[in-house]
There are 6 protein chains.
Amino acid sequence: MNLLLINPNISESVSALIRAEAVLSASPGTSIEVLTAPFGVAYIETRMEAVIGAYATLQLAAEHHARHDAVIVAAFGDPGLAGLREVLPCPVTGLSEAALLSACLLGGRFSIVAISHRITAWYRETVDHLGLGSRLASIRSLTSPLADIGSVQTDQGERLVALADACVDQDGADVIVLAGAPLAGLARQLKDRLRVPVVDGVSSAVRQAEGLVRMAPAKARAGSFGAPPVKPNAGLSCELQALLARGGGN
Amino acid sequence: MNLLLINPNISESVSALIRAEAVLSASPGTSIEVLTAPFGVAYIETRMEAVIGAYATLQLAAEHHARHDAVIVAAFGDPGLAGLREVLPCPVTGLSEAALLSACLLGGRFSIVAISHRITAWYRETVDHLGLGSRLASIRSLTSPLADIGSVQTDQGERLVALADACVDQDGADVIVLAGAPLAGLARQLKDRLRVPVVDGVSSAVRQAEGLVRMAPAKARAGSFGAPPVKPNAGLSCELQALLARGGGN
Amino acid sequence: MNLLLINPNISESVSALIRAEAVLSASPGTSIEVLTAPFGVAYIETRMEAVIGAYATLQLAAEHHARHDAVIVAAFGDPGLAGLREVLPCPVTGLSEAALLSACLLGGRFSIVAISHRITAWYRETVDHLGLGSRLASIRSLTSPLADIGSVQTDQGERLVALADACVDQDGADVIVLAGAPLAGLARQLKDRLRVPVVDGVSSAVRQAEGLVRMAPAKARAGSFGAPPVKPNAGLSCELQALLARGGGN
Amino acid sequence: MNLLLINPNISESVSALIRAEAVLSASPGTSIEVLTAPFGVAYIETRMEAVIGAYATLQLAAEHHARHDAVIVAAFGDPGLAGLREVLPCPVTGLSEAALLSACLLGGRFSIVAISHRITAWYRETVDHLGLGSRLASIRSLTSPLADIGSVQTDQGERLVALADACVDQDGADVIVLAGAPLAGLARQLKDRLRVPVVDGVSSAVRQAEGLVRMAPAKARAGSFGAPPVKPNAGLSCELQALLARGGGN
Amino acid sequence: MNLLLINPNISESVSALIRAEAVLSASPGTSIEVLTAPFGVAYIETRMEAVIGAYATLQLAAEHHARHDAVIVAAFGDPGLAGLREVLPCPVTGLSEAALLSACLLGGRFSIVAISHRITAWYRETVDHLGLGSRLASIRSLTSPLADIGSVQTDQGERLVALADACVDQDGADVIVLAGAPLAGLARQLKDRLRVPVVDGVSSAVRQAEGLVRMAPAKARAGSFGAPPVKPNAGLSCELQALLARGGGN
Amino acid sequence: MNLLLINPNISESVSALIRAEAVLSASPGTSIEVLTAPFGVAYIETRMEAVIGAYATLQLAAEHHARHDAVIVAAFGDPGLAGLREVLPCPVTGLSEAALLSACLLGGRFSIVAISHRITAWYRETVDHLGLGSRLASIRSLTSPLADIGSVQTDQGERLVALADACVDQDGADVIVLAGAPLAGLARQLKDRLRVPVVDGVSSAVRQAEGLVRMAPAKARAGSFGAPPVKPNAGLSCELQALLARGGGN
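Quantities reported herein were computed from a predicted structural model and do not represent experimental measurements.

**Student:** How do you make sense of the relation of the copies chain E and chain D when you look at a structure like this?
**Tutor:** The two chain copies are connected by a rotation around an axis plus a translation along it. Relative to chain D, chain E is turned by 180 degrees and slid 0.0 Å along the rotation axis, the superposed coordinates differing by an RMSD of 0.0 Å. These values place the two chain copies in the arrangement generated by a two-fold rotation axis. Of the residues that chain E buries at the interface, 100% are likewise interface residues in chain D, meaning the two copies contact each other through the same surface.

The structure is reproduced here in structure tokens:
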């Protein structure tokens, strides 16, 4: 089984974290490829940056999906995920979707621990968009500017533990979701220090993607996730045009 | 990996369907055990029957969980699931929870196709309890009394397809969930006839349980899914007493 | 008029509190009987304990309802209530349902004061299940372990008043609900000390049950609260079998 | 016990229906007084008419409450109810509030059967304002203009039964609420013809008011239902001024 | 274009604030008239006071609307607004409605800064009634009694800024709504001191009303905002009778 | 005042419709510029097409906003709107946002009439994202494939009227929103034929944008709509880089 993880951002250091955790989480026989966005920003904190990341993700997916069994949008907030689900022939998921649904299997309400205050509004909208608002206990975040996106785990590890503890003790969290690709793999280290289950986005996405590949669902030919109806287009890459040319839907 | 599926009902014919689909869905190396409730009703359609099924499930889980890596409540509505999640040391899921969360990975809104009209109120409450009401497109059901719970798939196959089609065309469903253990395995047969992805409860639960076992989450020592605080009890089986004696939580 | 109150727990001391308040609250001519669960735990704080309490309640109700005009599930969280409403020929209510609906008659938003932190998650789910989430101002609770469930009122009286005051001053509560059968009767004592109306579960349930008996509603022969459709069962007590044999519903 | 029912409308024929049902529903020893608004419209169907009815109700309550133990706003939609609850020293309820909360004691979801199509929007807002939207199965209504508001029960009896049946069979109603004071008493006649419990506003309000009087809740001295803070006023009746002069709240 | 602003309260000093801001906000060619309620209270903080204010507003609108192109209910909470929208032939809005919808154009979530603690419950209900609860970040308020309703802006200016800052920093507000006609015009002064956009009710209402007049929507002849069906009435002013005599709706 | 309308699609015929209605709706002294996306599809019906449209809109806005007082995203669904609001120094709105908020000023619940069935899922998500789900009565749409996106108004005019009538008569709509830029201007023609107010996206957006420009709100320097924090980026156009270089936010 071949899984493609697309980092919608330009940070190679974050792609390396994603790759490392994905490889550790994958079943034997699953191969992992991680691509980094050729354009965009270092990490997505805002709706505007998500617009850029979504387009970069769409572009990369159009170019590279063919040789993979499933695609993962490897940033919290899942920029472009629903659009990809319409056009790709294979299953797709994203770090947020997979992490939050996995959290639902472990308890009643989850909290999200995030890497910056600014990012929390976008995460809240992501949770609402997934229809999971009633299961969100809280979102807590680091507040000081990040020195280095690639080393936030080591730089801020103790602070992240304290945030998770506050989610449990003050907000009623049954599960902690460590959010943001820069935290990929941290759950593995903190598992025994936290008093409730802790969920990692990358490993959740890898496991859910593997499950979807084994499920082998039919591609929608109706409903709102069938391929977009064919219509004129202009100025798009050949690969995007090819995806749109499949058409379908209703 | 050993998975225990507990049928909260007394129908051996349904347990056979559950076992067959579970075995087909399991990864190589996963062994499947299915237990049938020693007391209760033929199939759960009502809240009252769910009270009985929940207690039977709790009893069986207390007796048999020790030699398994995860436990699955093998009836829609998941009677007893949240209680088991508090007390068992291993991961737990149920057919509804696993199916609905899997459906969320395949589209925006799902519809449930059910085997009797009476059962739909309980299913609606199950969806609401999971906090997924905003993703429910509709629930449709068979309306004539079931001749035989074990043969409903063959007796009512065409009618079930028609119901699913109505969910897509009239209710806006992106995904169909075939609900109720008596429909276990039917999704596999209908996959190519339906125009949207179709989700089976047993296979979803097996896959999600496998994912949870591989995730190996820590057992909650805090939050509302830690073990119940130790307190006096009376009249319970030795196995239930043993579960309660672990205590913990807060 | 004969009212049956079923304590789903094994604590005779709590049954005594329930009985005392029920007798004080009942109209002239109403007789009160309180039964204590023969199996289960000392008091329900968790979903797992609620599964046991629900089954014990169902059993007692099946055995004893015949000579009563209404049945009351005498624990907050109302374990088994909806199931009983399906099968019993007489009206049924529970402490939570009756208290929360009574609170709605006294103000806009209510707060719940509870006897342990652990119990609050289950109470929140109870409120949500009743569809009253938008009227919940807050849940506050004692945090130290209970020395004696039967004497919590005297042991913790001042602390409970302070919690109620915080609900009014900080959470916007218009009404206070003292939750949990171990607090039965306390509202009567605190009525003049609190600055907003205070609601007791037992007295609310007795009054609502009396109102229902005088209303004399027809037993549902349709909808989701008609009796469960008749189907095979096994391993149940004669009394439960008798309830199920009535059948009906759709 | 003395109960005051205020018909916010000018229809004496409706007041007679209200009085008749109230007397039938009251406990021995409860005396019933019904007042009819001296100004306003024949029956409230719209938000504008409710503004008038609320003011008329407030005026009548200010003038007459002193010699009663509880006050009932005797129109569906409960015009002025929340305002009265702030200022009156005694308990207050209304037909909608009492009927809908009573319906919640009898099943999961209720439907409302109404006397005109136009009135349904206002009823829906009433349900939402009470926070009970999740328990509303549907609102169905007569569609032809009413020949005579005082005889709608006899003129349209069969049509009302058909509407209630549709609520049960097509909308999933567990309980029927016959809404609007012009239908006062009809539930009593239809009780055996409908297959689910049926709720009447007047009798529900009388019973809930009796329960509140027996509960004898303290008047709020804090929260949003304490008396309005004292402030200058002008142009109000002596009785309204007297209510406002009590002041309090925060 | 002629706009009529109706102050539902008796405070001429507040009417003067309303007039001043309305004139500053109006486009060239728009004339402003402000009327003060001849009866009622100094300012509306409670549901009971809103009942009075709504009736006074209805009365004034009936008498004076004819020579205006739009009517504005010039108090937060918009007493009587929906009723006026049914009966007046011209567009109508209110300070809350206009301010909150304007706030929605400037960010994701808004906070309301209010002039008294008591008023906050009514404001929360206003937000909920508008269906905008998911966009409300918080309501914060002054807590000390107001010395003079006409000078609250100067008396409490710094405190109001501190409240707004807390909404941004602690509650996640993207926009601040300064609520209550006594704060009319303050947004203009604080605009550069606050770090997020700040919305004023009067200016929002003037601009939205101008937009509606230019839009020139047809008066509803169907739906729930058509004129109320004609029916008997009594005891109403000639002007109210004239409004009701237009009839229509369904 | 200069308004920039950005058509996120490549259809010049639709841009012409947008321009015509915008010019008719604008106040004297307002100049209108309409830009058409240089890349993308003919019209957006799906989430995937919205990803492309959002990026094209962002690009055009970055290049052209400087000489305008406000920017309008001129497609229903408002692709990229929230992102633009973060980074542009001037006010921004979109056809959906402006139309739905304008509809809220005209009645309680609105229905959307759309040009294709496929588009309705995306519109529903747009309504939910705006937090206006409780005010949505229904979405109805044309079902046959569009012969020509530029002539849908004349080709399908009668069918669109019939859909609007069904929204009023069957779904309880108080207001009709004609959705989709290809319907720009149709409301003007249908105004007298429909029995409830009808709202046009382009004219709503022009009026709301004019109101925002006159309001002259401060650009957010805090909250989630401040400019994104400065961070490394790559591969972006100079104009996008310039927007991102402003930084700010928190």
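**Student:** Would you explain the environment of Glu125(A) in this entry?
**Tutor:** Along the polypeptide, Glu125(A) turns up in helix H5 (residues 119-129). Separated by 48 residues in the primary sequence, Glu125(A) and Gly77(A) place their C-alpha atoms 8.5 Å from one another.

**Student:** Teacher, can you tell me more about the interface of chain C and chain B here?
**Tutor:** When the parts come together, some accessible area is lost, and that loss is often what is quoted as the size of the interface. On the chain B side, the residues contacting the 38 residues of chain C number 38 residues. Among the elements of the structure, strand E3 (40-41), helix H2 (47-64), helix H3 (81-87), helix H5 (119-129) and strand E10 (233-234) of chain C are those that each provide at least two residues to the side of chain C that touches chain B. Of all the elements, H2(C) adds the most residues to the side of chain C that touches chain B, at nine residues. In the sheet, strand E3 (residues 40-41) of chain B pairs with E10(C) via two bridges, with the strands oriented antiparallel.

**Student:** Before we go on, may I ask you to explain the interface of chain E and chain D in this structure?
**Tutor:** Taken together, the 38 residues of chain E in the interface contact 38 residues of chain D. Counted by class, the side of chain E that touches chain D contains 21 nonpolar, eleven polar and six charged residues.

**Student:** Would you take a moment to explain the pairing of strand E4 (residues 70-73) of chain B for this structure?
**Tutor:** Moving residue by residue along a regular strand, the side chains alternate between the two faces of the sheet. All names here are of chain B. Alternating residues of E4 divide into Ala-70 and Ile-72 and Val-71 and Val-73, and every residue in both groups is buried. Judged from the four bridges that link them, strand E1 (residues 2-7) and E4 form a sheet pairing that is parallel. Residue pairing across strands places Ile-6 opposite Val-73, the latter belonging to E4. Sheet topology note: the E4/strand E5 (residues 92-94) ladder contains three bridges and is parallel. Within the sheet, the bridge partner assigned to Val-73 lies in E5 and is Gly-94. Where the polypeptide runs from E4 across helix H3 (residues 81-87) and back to E5, its parallel neighbour, the crossover connection is right-handed.

**Student:** It is not clear to me how the packing of helix H1 (residues 12-25) of chain E against helix H9 (residues 201-215) of chain E should be interpreted in this structure. Could you clarify?
**Tutor:** When two helices pack together, their arrangement is captured by the angle between the axes and the distance separating the axes. Residues and elements named next belong to chain E. Orientation of H1 relative to H9, taken along the N-to-C sense of each, is 45 degrees, at an axis distance of 9 Å. When the axis of H1 is compared with that of H9, the two are oblique. Seen along the crossing, H1 lies across H9 with a hand that is right-handed. In this structure, H1 contributes Ile-18, Glu-21, Ala-22 and Ser-25 to the contact, and H9 contributes Val-202, Ser-203, Val-206 and Arg-207. Of the residues contributing to the contact of H1 with H9, the split by class is four nonpolar, two polar and two charged.

Scoring rules and cut-offs
- Residues numbered from 1 in each chain as written.
- Chains lettered and ligands numbered in written order.
- Predicted model: local features only at pLDDT ≥ 70, side-chain atom pairs only at ≥ 80, totals over all residues.
- Least-squares fit on C-alpha atoms with pLDDT ≥ 70 in both.
- Contact = placed C-beta atoms within 7 Å.
- Helix = DSSP H or I, 4+ residues; strand = E, 2+ residues; numbered from the N terminus.
- Pairing = 2+ DSSP bridges.
- Nonpolar A, V, L, I, M, F, W, Y, C, P; charged D, E, K, R; others polar.
- Buried ≥ 20, exposed ≤ 12 C-beta atoms within 10 Å, placed from the backbone.
- Right-handed = clockwise from strand over helix to strand, strands pointing away.
- Axes fitted to C-alpha atoms, helices over the stretch in contact; angles between N-to-C directions.
- Parallel < 35°, antiparallel > 145°, perpendicular 65-115°, else oblique.
- Left-handed = near helix turned anticlockwise from the far one by under 90°.

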